[in-house]
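Breakdown of the fold
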Amino acid sequence: MRRTLAALACSALAVSIACSKPGRELQIVTDAATALGGSQHLIDLKTIVIEGEGTNGNLGQDMTPEATGEAFELFGYKRSVDVNAGRVRIEQTRTPNFVYFQGPQPQQQIFGVDGEIGYTLGADGTASRVSDAVAKDRLRDFYHHPITAVRGALMPGATLSNPRTSSGQRVVDVVSDRKIAYTLAMDARTNLPTRVVSMTDNSNLGDVAIETTFADYRDVNGLKMPFRITTKTDKYTTSDIRVKKQFFDGIVGDLTVPVRARTATPIIGPPPAVVTVEEVAKGVWFLAGQSHHSVLVEFADHLTLIEAPQNDVRALAVIAKAKELRPDKPLTEVINTHHHFDHSGGLRAAVSQGLTIYTRRPNIAFYQTVLTRPHTLVPDALTKHRQQPKLEAVDEERTLQDDTMTIMLYHVAGSAHADTLLMAYLPKEKILVEADVFSPQAPVQPYAANLIENIKEHSLAVDRILPIHGTIATYADLMKTQAVQK
Ligand SMILES: [Zn+2]
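Anyway, here's the lowdown on the structure attached to this text. None of the values given here were measured: they were computed from a predicted structure.

Ala-135, Arg-138, Leu-139, Arg-140 and Phe-142 are the residues of helix α5 (residues 132-142) that are buried. Structurally, α5 contributes buried residues whose contacts are with β2 (71-82), β3 (87-96), β4 (107-114), β5 (117-121), α6 (146-154) and β10 (193-202).

Moving on to the nonpolar core. Soluble globular proteins tend to bury their nonpolar side chains together. Ranked by internal contacts, the top residues of the largest apolar core, which has 46 residues, are Ile-48, Val-150, Tyr-182 and Leu-184. Among the elements that take part in this core, helix α3 (residues 23-36) stands out by supplying six residues, more than any other. Val-150 has contacts with Val-29, Ala-32, Ala-33, Leu-36, Leu-42, Leu-184 and Pro-193, leaving out every residue within four places of it along the chain. Membership of the second largest hydrophobic core comes to 31 residues, among which are Leu-287, Leu-303, Ala-308 and Leu-347.

In this section: the sheet that holds strand β22 (residues 406-411). Strand order in this open sheet of six strands is β21-β22-β23-β24-β25-β26, and the pairing throughout is mixed. At either end of the open sheet lies a strand with only one pairing partner, and these are β21 (397-401) and β26 (473-474). Taken together, the four bridges between strand β24 (residues 431-434) and strand β25 (residues 464-467) define a ladder with parallel strand orientation. Counterpart to Glu-434 in the pairing with β25 is Pro-467.

On to the pairing of β4. As defined by bridge partners, β3 adjoins β4 across eight bridges and the pair is classed as antiparallel. Paired with Arg-87 across the bridge in β4 is Asp-114. Pairing of β4 with β5 involves five bridges; the strand directions are antiparallel. Pairing of Val-113 across the sheet is with Gly-118, part of β5. Connecting β4 to the antiparallel partner β5 that follows it, the hairpin turn spans two residues, and Gly-115 within it adopts a positive phi of roughly 65 degrees.

Of the protein atoms, only His-338 (NE2), His-340 (ND1), His-417 (NE2) and Asp-436 (OD) coordinate the zinc ion, at distances of 2.0 to 2.2 Å. Bound by four donor atoms, the zinc ion shows angles of 87 to 169 degrees at the metal and therefore irregular coordination geometry.

With that out of the way, let us pick up the sheet that holds strand β15 (residues 284-288). The strand order across the open sheet formed by seven strands is β14-β15-β16-β17-β18-β19-β20, and the pairing between neighbours is mixed. A single partner strand is all that each edge strand has here, and the edge strands are β14 (276-281) and β20 (391-394). Each strand of the sheet is rotated relative to its neighbour by a mean of 25 degrees, with strand direction disregarded. The strands touched by helix α8 (residues 312-325) are β14, β15, β16 (294-298), β17 (303-306) and β18 (331-335); relative to β15, the strand with the most contacts, the crossing angle is about 145 degrees.

Parameters at a glance
Residues numbered from 1 in each chain as written. Predicted model: local features only at pLDDT ≥ 70, side-chain atom pairs only at ≥ 80, totals over all residues. Heavy atoms only, no water. Buried < 20%, exposed > 50% of the residue type's maximum accessible area, 1.4 Å probe, protein only. Helix = DSSP H or I, 4+ residues; strand = E, 2+ residues; numbered from the N terminus. Contact = heavy atoms within 4.5 Å. Core = buried A, V, L, I, M, F, W, Y, C linked by side-chain atoms within 4.5 Å. Pairing = 2+ DSSP bridges. Donors = N, O, S within 2.8 Å, 3.2 Å for Na, K, Ca; no water. Tetrahedral: all angles 85-135°; square planar, octahedral: opposite > 155°, others 65-115°. Axes fitted to C-alpha atoms, helices over the stretch in contact; angles between N-to-C directions.

Printed below as a string of structure tokens:
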């Protein structure tokens, strides 16, 4: 019976590389196709529209590294798929269930992928191209659905390998017709797909598995479709969709990439770093130039960096600038403001340069893991220059001091932004360095009142504020945020 089904699938596909593969791999896939509604039905399918609601997680941006309470509630979720062309467009409205830096109002999002090109549509309908890495992740996500995953394994040009049975599941590795690699698992009893797993690179977490699980299968016009679709990045849930309605081969509209995005220059890797230097006091430099800033502080016999943000490119450029400013003095340590991925994404680079990390104690265990995780898909600076991580825990406060310079580190207690926040105060210069809790020029300042409380709690005489985002401000500028909000 099984051989017959495999033969049917092959004859339907005429010439298929998958058909030339040994039988067991193909048998697993054709059994899955049969369970879903038949190989021919899958091959003939042109479009899928899935509508529902659910949640998006807040990967790398929750209150602590282990917390998972923050999410965006999704309404009006619509996923439109052109099965043949490898096109997906997602439209959704999301509302944060937490104190979000952009404010509490619902945000409409439209984004998609068309083969190798990914794009986002702005509120005014203007399309912008996303990086090739993000586009690749979205093309992987195209296959994170039973129909596209099984169909992609059946198509000519797909290769199948490593058939196995594990924990009541029949499993096979696939490289799809579009050269996307994933692992496909089926319930051994029903042969319905239970999950699709693919691997990607994350600056902070390194090699990570993206796993989508499928549940609550029901009949939809002759096909079995899951009504619960849940995706995890590593161990963090990033998407959980409860399907309300889905249909095939209906009107999906134009899913081709908008011209503006198609003709835009491809974005390969992070943008080149631009590091500007402003000496704000003797031995204190504001290193800005792009979205995430750092501050360099000079002690008698060493330099201290506040913040190694984003990724290798940014962090290594900032470290190089510090060495350029004071070539005879070693840069030995970095103060990390909090665990959020955009603020800790350069810590691996900092360790590769031998820097000791000061961070709040709740981050230590997480960073020990982050600093030793494998980065084989995209080898980073620490992979190439392996160093033993040196971590220094900060509880409620800690002082770094010698005869020439003092930095006071304080926990920003009770902030709705994160539980892991440190601010740095330079008492002689009356300078405060903080991240995310007051970003001058930001339209909303939901964390500023708490920052003021913390400044008062420690009786800090703040003159100027050096923010990790935005331009240098005064204490009066910080106080004005309260006048506006009241
Ligand atoms: Zn943050």
